[in-house]
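Observations on chain architecture
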Amino acid sequence: MQEEAFGISKHPALTGSLTPPSSVSRIRNFSPGPACLPQEVQHSVAKRCLSTNQLSSMYLSHRSPEFISILSRTKNLIKKVLEIPDSYEILFVHGGGHGQFCAVPLNLCPTGEEKATYLVSGTWSHRAVDEGKRYCDAFVVSSKNNDDTFTSFPSTFGIDPKSKYIHLCSNETVNGIELHRLPKLSNQGIRAPLVVDASSDVTTKPIRWIESNVGIFYACASKNIGHPGITLCVIRKDLIGQSNPICPGVLDYSKNVAAGNLWNTIATFNVEVVGLMMKWILDQGGIEEMESRSIQKSRLVYDLIDSSRGFYNTPLSSESERTLRSRMNIPFELANGDTDLTEHFLKESWEQGIVGLRTLTPFGLGRYLRASLYHGVSLEDTEFLVEFMTKFMRKQILH
Ligand SMILES: *Cc1c(COP(=O)(O)O)cnc(C)c1O
(Lines give C-alpha, C1' and ligand atoms only; values in the text may rest on other atoms or scores of the structure.)
Protein backbone atom coordinates (compact mmCIF):
# COMPACT_ATOMS: atom_id res chain seq x y z
CA MET A 1 0.00 0.00 0.00
CA GLN A 2 2.73 2.36 1.12
CA GLU A 3 4.89 1.49 -1.88
CA GLU A 4 2.00 2.13 -4.21
CA ALA A 5 1.41 5.54 -2.70
CA PHE A 6 5.06 6.43 -3.15
CA GLY A 7 5.17 5.30 -6.78
CA ILE A 8 6.63 2.25 -8.45
CA SER A 9 10.27 3.01 -7.82
CA LYS A 10 11.88 1.06 -5.01
CA HIS A 11 14.70 3.46 -4.21
CA PRO A 12 14.61 3.73 -0.40
CA ALA A 13 14.43 7.52 -0.53
CA LEU A 14 11.16 7.21 -2.44
CA THR A 15 9.62 4.81 0.06
CA GLY A 16 10.11 7.34 2.84
CA SER A 17 13.14 5.52 4.28
CA LEU A 18 14.75 7.31 7.23
CA THR A 19 17.98 5.28 6.96
CA PRO A 20 20.53 6.79 4.60
CA PRO A 21 23.47 4.76 3.20
CA SER A 22 25.86 3.47 5.88
CA SER A 23 28.61 5.77 4.59
CA VAL A 24 26.69 8.77 5.96
CA SER A 25 28.05 9.76 9.36
CA ARG A 26 25.18 11.91 10.55
CA ILE A 27 21.45 11.55 9.89
CA ARG A 28 19.57 14.86 9.53
CA ASN A 29 15.96 14.07 10.32
CA PHE A 30 13.48 16.62 8.96
CA SER A 31 10.50 14.32 9.48
CA PRO A 32 7.19 15.86 10.60
CA GLY A 33 7.13 13.39 13.48
CA PRO A 34 8.00 11.47 15.44
CA ALA A 35 11.10 13.61 15.54
CA CYS A 36 14.63 13.36 16.96
CA LEU A 37 15.56 14.65 20.38
CA PRO A 38 18.41 17.18 20.52
CA GLN A 39 21.75 15.35 20.71
CA GLU A 40 22.44 16.42 24.30
CA VAL A 41 19.07 15.00 25.34
CA GLN A 42 19.74 11.76 23.45
CA HIS A 43 22.88 11.36 25.53
CA SER A 44 21.08 12.06 28.82
CA VAL A 45 18.39 9.54 27.92
CA ALA A 46 20.97 6.89 27.04
CA LYS A 47 22.82 7.53 30.29
CA ARG A 48 19.64 7.10 32.31
CA CYS A 49 18.80 3.83 30.56
CA LEU A 50 22.23 2.36 31.21
CA SER A 51 22.60 3.50 34.81
CA THR A 52 23.31 0.50 37.06
CA ASN A 53 22.94 2.11 40.48
CA GLN A 54 19.60 3.83 39.92
CA LEU A 55 16.75 2.15 38.05
CA SER A 56 15.68 3.92 34.89
CA SER A 57 12.09 5.13 34.88
CA MET A 58 11.49 2.47 32.22
CA TYR A 59 11.57 -0.05 35.05
CA LEU A 60 10.28 2.02 37.97
CA SER A 61 6.93 1.37 39.57
CA HIS A 62 4.80 4.41 38.84
CA ARG A 63 3.90 4.55 42.54
CA SER A 64 7.48 4.37 43.83
CA PRO A 65 8.96 7.40 45.59
CA GLU A 66 11.61 7.58 42.86
CA PHE A 67 9.07 7.92 40.09
CA ILE A 68 6.79 10.28 42.03
CA SER A 69 9.74 12.60 42.38
CA ILE A 70 10.53 12.37 38.62
CA LEU A 71 6.87 13.16 37.87
CA SER A 72 6.71 16.20 40.11
CA ARG A 73 10.09 17.45 38.94
CA THR A 74 8.98 17.13 35.30
CA LYS A 75 5.75 19.02 35.93
CA ASN A 76 7.62 21.79 37.75
CA LEU A 77 9.98 22.13 34.81
CA ILE A 78 7.08 22.33 32.33
CA LYS A 79 5.43 24.95 34.51
CA LYS A 80 8.61 26.98 34.46
CA VAL A 81 9.28 26.60 30.72
CA LEU A 82 5.73 27.49 29.68
CA GLU A 83 5.09 29.92 32.58
CA ILE A 84 1.87 28.15 33.48
CA PRO A 85 -0.14 29.98 36.16
CA ASP A 86 -1.27 28.20 39.36
CA SER A 87 -4.85 28.18 38.13
CA TYR A 88 -3.97 25.28 35.77
CA GLU A 89 -3.42 21.55 36.27
CA ILE A 90 -0.81 19.67 34.30
CA LEU A 91 -1.62 16.10 33.27
CA PHE A 92 0.18 13.47 31.27
CA VAL A 93 -2.34 11.42 29.37
CA HIS A 94 -2.54 8.54 26.92
CA GLY A 95 -3.95 8.51 23.42
CA GLY A 96 -1.93 11.25 21.72
CA GLY A 97 -3.45 14.28 20.04
CA HIS A 98 -6.25 12.06 18.75
CA GLY A 99 -7.17 11.08 22.30
CA GLN A 100 -7.71 14.77 23.09
CA PHE A 101 -9.87 15.27 20.00
CA CYS A 102 -12.53 13.27 21.87
CA ALA A 103 -11.39 13.92 25.47
CA VAL A 104 -12.04 17.67 25.10
CA PRO A 105 -15.79 17.47 24.33
CA LEU A 106 -16.21 14.49 26.66
CA ASN A 107 -14.82 16.59 29.51
CA LEU A 108 -16.43 19.93 28.71
CA CYS A 109 -19.85 18.93 27.38
CA PRO A 110 -21.80 17.06 30.06
CA THR A 111 -24.76 16.16 27.85
CA GLY A 112 -23.00 15.95 24.48
CA GLU A 113 -25.48 18.51 23.11
CA GLU A 114 -23.48 21.62 23.98
CA LYS A 115 -22.26 23.85 21.19
CA ALA A 116 -18.51 24.23 20.49
CA THR A 117 -16.84 26.25 17.74
CA TYR A 118 -14.03 24.65 15.78
CA LEU A 119 -11.75 26.95 13.82
CA VAL A 120 -10.53 24.82 10.94
CA SER A 121 -7.28 26.03 9.39
CA GLY A 122 -5.90 22.79 8.00
CA THR A 123 -5.93 19.03 8.08
CA TRP A 124 -5.33 18.58 11.83
CA SER A 125 -8.03 20.94 13.04
CA HIS A 126 -10.31 19.28 10.51
CA ARG A 127 -9.53 15.91 12.01
CA ALA A 128 -10.16 17.33 15.49
CA VAL A 129 -13.71 18.36 14.59
CA ASP A 130 -14.40 15.10 12.76
CA GLU A 131 -13.74 13.26 15.98
CA GLY A 132 -15.05 15.91 18.38
CA LYS A 133 -18.45 16.34 16.69
CA ARG A 134 -19.48 12.91 17.93
CA TYR A 135 -19.56 14.29 21.48
CA CYS A 136 -20.80 17.88 21.08
CA ASP A 137 -22.75 20.12 18.74
CA ALA A 138 -19.77 21.25 16.67
CA PHE A 139 -19.96 24.50 14.75
CA VAL A 140 -17.25 24.84 12.10
CA VAL A 141 -15.61 28.03 10.86
CA SER A 142 -13.19 26.95 8.16
CA SER A 143 -10.71 28.81 5.97
CA LYS A 144 -10.57 26.09 3.32
CA ASN A 145 -10.20 27.48 -0.19
CA ASN A 146 -12.30 26.28 -3.11
CA ASP A 147 -9.44 24.11 -4.29
CA ASP A 148 -9.27 22.37 -0.88
CA THR A 149 -6.06 24.16 0.18
CA PHE A 150 -5.58 26.32 3.27
CA THR A 151 -3.72 29.61 3.01
CA SER A 152 -5.34 31.68 5.75
CA PHE A 153 -6.72 31.45 9.28
CA PRO A 154 -10.53 31.44 9.71
CA SER A 155 -12.15 34.69 10.71
CA THR A 156 -12.80 34.72 14.42
CA PHE A 157 -15.86 36.86 13.74
CA GLY A 158 -17.72 33.71 12.76
CA ILE A 159 -17.46 32.22 16.25
CA ASP A 160 -20.73 31.28 17.92
CA PRO A 161 -20.65 33.27 21.19
CA LYS A 162 -22.69 30.59 22.96
CA SER A 163 -19.94 28.02 22.48
CA LYS A 164 -18.65 26.02 25.42
CA TYR A 165 -15.17 26.39 23.95
CA ILE A 166 -13.32 27.46 20.82
CA HIS A 167 -10.98 24.82 19.43
CA LEU A 168 -8.01 25.76 17.26
CA CYS A 169 -4.72 24.29 16.13
CA SER A 170 -1.83 26.70 16.72
CA ASN A 171 0.38 25.02 14.13
CA GLU A 172 -1.01 23.06 11.21
CA THR A 173 1.74 20.50 10.77
CA VAL A 174 0.72 19.46 7.27
CA ASN A 175 -0.36 22.81 5.82
CA GLY A 176 2.41 24.86 7.41
CA ILE A 177 0.09 27.47 8.95
CA GLU A 178 1.03 28.83 12.36
CA LEU A 179 -0.40 31.34 14.79
CA HIS A 180 2.73 32.88 16.29
CA ARG A 181 0.62 34.20 19.16
CA LEU A 182 -2.73 32.94 20.37
CA PRO A 183 -5.62 35.33 19.70
CA LYS A 184 -7.25 37.42 22.41
CA LEU A 185 -10.90 36.76 21.69
CA SER A 186 -12.06 38.69 24.75
CA ASN A 187 -11.48 41.76 22.56
CA GLN A 188 -14.50 40.58 20.56
CA GLY A 189 -16.52 39.94 23.69
CA ILE A 190 -16.09 36.18 23.42
CA ARG A 191 -15.95 34.57 26.83
CA ALA A 192 -15.62 30.92 25.84
CA PRO A 193 -12.20 29.48 26.64
CA LEU A 194 -9.74 28.48 23.94
CA VAL A 195 -8.81 24.85 23.44
CA VAL A 196 -5.45 24.66 21.73
CA ASP A 197 -3.91 21.74 19.86
CA ALA A 198 -0.22 22.65 20.18
CA SER A 199 1.10 19.22 19.23
CA SER A 200 3.67 20.52 16.78
CA ASP A 201 4.65 23.91 18.26
CA VAL A 202 4.61 23.47 22.04
CA THR A 203 7.62 25.12 23.75
CA THR A 204 8.57 27.14 20.68
CA LYS A 205 6.91 30.41 21.74
CA PRO A 206 5.33 32.00 24.81
CA ILE A 207 1.71 31.28 25.71
CA ARG A 208 -0.42 34.09 27.11
CA TRP A 209 -2.55 31.85 29.31
CA ILE A 210 -4.76 34.45 30.94
CA GLU A 211 -4.91 37.10 28.21
CA SER A 212 -5.82 34.49 25.58
CA ASN A 213 -8.29 32.80 27.92
CA VAL A 214 -6.72 29.38 27.41
CA GLY A 215 -8.94 26.65 28.84
CA ILE A 216 -7.18 23.54 27.60
CA PHE A 217 -3.81 23.23 25.93
CA TYR A 218 -2.66 19.85 24.69
CA ALA A 219 0.26 18.47 22.74
CA CYS A 220 1.38 14.99 21.84
CA ALA A 221 5.03 14.68 22.84
CA SER A 222 6.47 13.24 19.68
CA LYS A 223 7.37 16.44 17.84
CA ASN A 224 9.04 18.90 20.17
CA ILE A 225 9.11 17.50 23.69
CA GLY A 226 9.74 13.77 23.57
CA HIS A 227 8.73 10.60 21.82
CA PRO A 228 5.37 8.96 21.04
CA GLY A 229 3.28 7.54 23.86
CA ILE A 230 2.57 10.52 26.06
CA THR A 231 0.49 13.65 25.72
CA LEU A 232 0.80 16.84 27.70
CA CYS A 233 -2.47 18.35 28.77
CA VAL A 234 -2.79 21.66 30.64
CA ILE A 235 -6.29 22.29 31.96
CA ARG A 236 -7.71 25.35 33.70
CA LYS A 237 -8.95 24.17 37.07
CA ASP A 238 -12.44 25.63 36.81
CA LEU A 239 -13.11 23.45 33.74
CA ILE A 240 -12.51 20.22 35.60
CA GLY A 241 -15.45 18.23 36.90
CA GLN A 242 -18.14 18.61 34.23
CA SER A 243 -17.45 15.55 32.15
CA ASN A 244 -20.06 13.58 30.25
CA PRO A 245 -20.95 10.42 32.24
CA ILE A 246 -19.90 8.30 29.25
CA CYS A 247 -16.34 9.73 29.32
CA PRO A 248 -13.88 6.82 29.72
CA GLY A 249 -11.76 7.03 32.86
CA VAL A 250 -8.45 7.29 31.03
CA LEU A 251 -9.70 10.41 29.24
CA ASP A 252 -11.41 11.98 32.26
CA TYR A 253 -9.47 14.97 33.58
CA SER A 254 -11.15 15.02 37.00
CA LYS A 255 -10.46 11.32 37.68
CA ASN A 256 -6.85 11.70 36.64
CA VAL A 257 -6.29 14.91 38.61
CA ALA A 258 -7.92 13.38 41.70
CA ALA A 259 -5.58 10.38 41.43
CA GLY A 260 -2.45 12.51 41.15
CA ASN A 261 -2.11 11.52 37.49
CA LEU A 262 -1.76 7.87 38.56
CA TRP A 263 -5.32 6.66 37.88
CA ASN A 264 -3.74 4.00 35.70
CA THR A 265 -0.12 3.29 34.77
CA ILE A 266 1.38 6.47 33.47
CA ALA A 267 3.99 6.25 30.67
CA THR A 268 6.86 6.43 33.16
CA PHE A 269 9.82 6.53 30.82
CA ASN A 270 8.17 9.07 28.54
CA VAL A 271 7.60 11.37 31.51
CA GLU A 272 11.29 11.30 32.34
CA VAL A 273 12.23 12.05 28.72
CA VAL A 274 9.88 15.05 28.69
CA GLY A 275 11.60 16.22 31.88
CA LEU A 276 15.03 15.92 30.27
CA MET A 277 13.75 17.93 27.30
CA MET A 278 12.43 20.66 29.63
CA LYS A 279 15.74 20.81 31.44
CA TRP A 280 17.52 21.13 28.11
CA ILE A 281 15.22 23.99 27.07
CA LEU A 282 15.93 25.84 30.31
CA ASP A 283 19.67 25.22 30.02
CA GLN A 284 19.63 26.63 26.49
CA GLY A 285 17.96 29.84 27.63
CA GLY A 286 14.26 28.98 27.88
CA ILE A 287 11.31 29.72 25.67
CA GLU A 288 12.64 33.04 24.26
CA GLU A 289 15.78 31.28 23.05
CA MET A 290 13.70 28.46 21.56
CA GLU A 291 11.56 30.96 19.72
CA SER A 292 14.52 32.89 18.37
CA ARG A 293 16.16 29.66 17.17
CA SER A 294 12.94 28.62 15.44
CA ILE A 295 12.76 32.00 13.73
CA GLN A 296 16.40 31.76 12.69
CA LYS A 297 16.14 28.21 11.32
CA SER A 298 12.90 28.74 9.42
CA ARG A 299 14.12 32.04 7.99
CA LEU A 300 17.09 30.28 6.40
CA VAL A 301 14.76 27.95 4.49
CA TYR A 302 12.13 30.55 3.58
CA ASP A 303 14.79 33.01 2.43
CA LEU A 304 16.21 30.43 0.06
CA ILE A 305 12.75 29.59 -1.28
CA ASP A 306 11.84 33.27 -1.73
CA SER A 307 15.10 34.08 -3.49
CA SER A 308 15.04 31.04 -5.78
CA ARG A 309 13.04 32.82 -8.51
CA GLY A 310 10.38 30.15 -8.40
CA PHE A 311 12.68 27.13 -8.51
CA TYR A 312 11.38 26.37 -5.02
CA ASN A 313 8.01 27.49 -3.87
CA THR A 314 5.92 27.30 -0.72
CA PRO A 315 2.12 27.68 -0.45
CA LEU A 316 2.01 30.84 1.70
CA SER A 317 3.55 33.51 -0.48
CA SER A 318 1.54 36.74 -0.48
CA GLU A 319 2.34 39.48 2.04
CA SER A 320 -0.53 38.57 4.37
CA GLU A 321 -0.05 34.82 3.99
CA ARG A 322 3.58 35.13 5.03
CA THR A 323 2.61 36.21 8.54
CA LEU A 324 1.11 32.74 8.99
CA ARG A 325 4.11 30.80 7.76
CA SER A 326 4.97 27.97 10.08
CA ARG A 327 8.39 28.01 11.68
CA MET A 328 8.03 24.32 12.42
CA ASN A 329 6.92 22.76 9.15
CA ILE A 330 7.87 24.24 5.80
CA PRO A 331 6.02 22.73 2.83
CA PHE A 332 7.80 23.27 -0.47
CA GLU A 333 8.00 21.97 -3.98
CA LEU A 334 10.63 22.31 -6.68
CA ALA A 335 10.24 23.07 -10.36
CA ASN A 336 6.47 23.25 -9.88
CA GLY A 337 6.38 19.72 -8.59
CA ASP A 338 8.16 18.10 -11.54
CA THR A 339 8.07 14.39 -10.63
CA ASP A 340 11.44 13.35 -12.03
CA LEU A 341 13.30 16.26 -10.54
CA THR A 342 11.58 15.82 -7.17
CA GLU A 343 12.56 12.15 -7.06
CA HIS A 344 16.09 13.08 -8.03
CA PHE A 345 16.14 15.64 -5.21
CA LEU A 346 14.87 13.08 -2.69
CA LYS A 347 17.43 10.47 -3.71
CA GLU A 348 20.35 12.87 -3.69
CA SER A 349 19.43 14.45 -0.34
CA TRP A 350 18.90 11.01 1.22
CA GLU A 351 22.34 9.97 0.04
CA GLN A 352 23.74 12.88 2.05
CA GLY A 353 21.83 11.94 5.19
CA ILE A 354 18.88 14.30 4.77
CA VAL A 355 15.74 12.27 5.56
CA GLY A 356 12.06 12.80 6.32
CA LEU A 357 11.30 15.40 3.65
CA ARG A 358 8.56 13.24 2.17
CA THR A 359 6.58 11.06 4.50
CA LEU A 360 3.17 9.52 4.30
CA THR A 361 0.55 11.31 6.44
CA PRO A 362 -2.94 10.16 7.42
CA PHE A 363 -3.99 12.53 4.63
CA GLY A 364 -1.96 10.84 1.91
CA LEU A 365 1.27 11.77 0.21
CA GLY A 366 0.38 15.37 -0.47
CA ARG A 367 1.64 17.73 -3.10
CA TYR A 368 4.51 19.24 -1.13
CA LEU A 369 7.73 18.05 0.41
CA ARG A 370 8.14 19.33 3.94
CA ALA A 371 11.08 20.37 6.09
CA SER A 372 10.19 20.10 9.77
CA LEU A 373 12.42 22.09 12.11
CA TYR A 374 11.60 20.92 15.62
CA HIS A 375 13.95 21.31 18.61
CA GLY A 376 15.82 18.15 17.59
CA VAL A 377 16.89 19.83 14.33
CA SER A 378 19.88 22.06 15.03
CA LEU A 379 20.80 25.28 13.29
CA GLU A 380 23.69 23.36 11.76
CA ASP A 381 21.30 20.69 10.40
CA THR A 382 19.20 23.43 8.87
CA GLU A 383 22.25 25.07 7.29
CA PHE A 384 23.21 21.69 5.87
CA LEU A 385 19.77 21.34 4.26
CA VAL A 386 19.80 24.86 2.87
CA GLU A 387 23.26 24.35 1.45
CA PHE A 388 22.13 21.14 -0.23
CA MET A 389 19.03 22.84 -1.66
CA THR A 390 21.12 25.74 -2.92
CA LYS A 391 23.62 23.48 -4.68
CA PHE A 392 20.84 21.35 -6.15
CA MET A 393 19.14 24.43 -7.57
CA ARG A 394 22.37 25.82 -9.07
CA LYS A 395 23.09 22.51 -10.79
CA GLN A 396 19.64 22.47 -12.40
CA ILE A 397 19.82 26.08 -13.49
CA LEU A 398 23.27 25.61 -15.05
CA HIS A 399 22.06 22.55 -16.89
C1 LIG B 1 0.87 15.02 15.08
C2 LIG B 1 -0.29 15.84 15.40
C3 LIG B 1 -1.45 15.29 16.00
C4 LIG B 1 -1.64 13.81 16.23
O5 LIG B 1 -1.00 13.30 17.29
P6 LIG B 1 -1.10 11.72 17.60
O7 LIG B 1 -0.14 11.59 18.72
O8 LIG B 1 -0.72 10.99 16.36
O9 LIG B 1 -2.51 11.43 17.99
C10 LIG B 1 -2.47 16.16 16.32
N11 LIG B 1 -2.40 17.46 16.05
C12 LIG B 1 -1.32 18.01 15.46
C13 LIG B 1 -1.28 19.48 15.21
C14 LIG B 1 -0.24 17.21 15.11
O15 LIG B 1 0.83 17.76 14.52
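The following refers to the structure shown. Going along each chain's sequence as written, the residues are numbered from 1 onward. Owing to the predicted nature of the model, reporting of local features is limited to residues with pLDDT of at least 70; listing and counting of side-chain atom pairs is limited to 80 or more, with chain, interface and lining totals taken over all residues. Only hydrogens and water are set aside; all other atoms, that is, all heavy atoms of the structure, feed into the side-chain values.

Re the overall build of the protein
Starting at the N terminus, helices and strands are each numbered in turn, a helix being any DSSP run of H or I of at least four residues and a strand any DSSP run of E of at least two. Regarding its fold elements, the protein presents 11 helices and 14 strands. Computed over its C-alpha atoms, the radius of gyration of the protein comes to 21 Å, within 12% of the 21 Å expected for a compact globule of 399 residues. Think of it in three bands: with a 1.4 Å probe and only protein chains considered, a residue is buried below 20% of the maximum accessible area for its type, exposed above 50%, and partly exposed in between. Scored against the burial criterion, the 399 residues of the protein give a buried share of 56%. Any two residues whose heavy atoms approach within 4.5 Å at even a single point are treated as in contact. In the protein, 71% of the contacts between residues at least 6 apart in sequence involve partners at least 24 apart. For the protein, the exposed surface amounts to about 17,400 Å²; the carbon and sulfur share of it is 52%. Neither His nor the chain ends contribute to the count of charged residues, in which Lys and Arg are positive and Asp and Glu negative. Every charge is mapped to an atom, namely NZ of Lys, CZ of Arg, CG of Asp or CD of Glu. Here the protein carries 41 positive and 41 negative side-chain charges, and the mean point of each set is 3 Å from the other. We compute the radius of gyration over the C-alpha atoms and compare it with the globule rule, which gives 2.2 Å times the number of residues raised to the power 0.38. Surface accessibility follows the Shrake-Rupley procedure with a 1.4 Å probe radius. Residue values consider only the protein chains on display as shielding.

What about the sheet that holds strand β10 (residues 231-236)?
Across a sheet, paired strands are connected by hydrogen bonds in the backbone, their directions being either parallel or antiparallel. When DSSP locates at least two bridges between a pair of strands, those strands are taken to pair. Read across the sheet, 7 strands follow the order β2-β10-β9-β8-β5-β3-β4 without closing on themselves; strand pairing throughout is mixed. Pairing within the sheet leaves two strands with one partner each, and these edge strands are β2 (88-93) and β4 (137-142). Taking the axes of each pair of neighbouring strands and ignoring which way they run, one obtains an average angle of 20° across the sheet. Strand direction decides the pairing type here: strand β3 (residues 115-120) and β4, joined by 6 bridges, are parallel. When the bridges of β4 are listed, K115 appears paired with D137. The strands that helix α5 (residues 123-132) touches are β3, β4 and β5 (166-169); relative to β3, the one it contacts most, it runs at about 155°. Only C-alpha atoms enter the line fits that serve as axes; for helices the fit covers just the stretch in contact. Angles between N-to-C directions range over 0 to 180 degrees.

Details of the site of the ligand
Looking at the ligand, there are 13 residues lining it, with G97, H98, T173, D197 and K223 nearest. Burial of the ligand by the protein chains amounts to 84% of its free accessible area of 390 Å². It is helix α4 (residues 96-108) that contributes the most residues to the shell around the ligand, 4 residues altogether. A per-class count over the shell around the ligand returns 4 nonpolar, 7 polar and 2 charged. Throughout, the term near means that a residue has one or more heavy atoms lying within 4 Å of the molecule or strand in question. Under the scheme applied here, ten amino acids are nonpolar (Ala, Val, Leu, Ile, Met, Phe, Trp, Tyr, Cys and Pro), four are charged (Asp, Glu, Lys and Arg), and all others, including Gly, are polar.

As for the pairing of strand β9 (residues 214-220)
Along β9, 7 of the 7 residues are buried, which leaves the element largely enclosed by surrounding structure. Two elements, strand β8 (residues 194-197) and β9, share 4 bridges in a ladder whose sense is parallel. Within the sheet, the bridge partner assigned to V196 lies in β9 and is F217. In this structure, β9 lies alongside β10, joined through 5 bridges in antiparallel fashion. Bridging from a neighbouring strand, I216 pairs with I235 of β10.

Details of unusual backbone geometry
With an omega of -10°, the peptide bond running from G33 to P34 counts as cis. Topologically, P34 is positioned in the loop between β1 (28-29) and α2 (39-50). Of note in the backbone geometry, D148 takes a positive phi value of approximately 70° without being a glycine. Structurally, D148 is set in the loop between β4 and β5. Residues other than glycine seldom take positive phi values, yet T203 does so here, at roughly 65°. As for its placement among the helices and strands, T203 is situated in the loop between β8 and β9.

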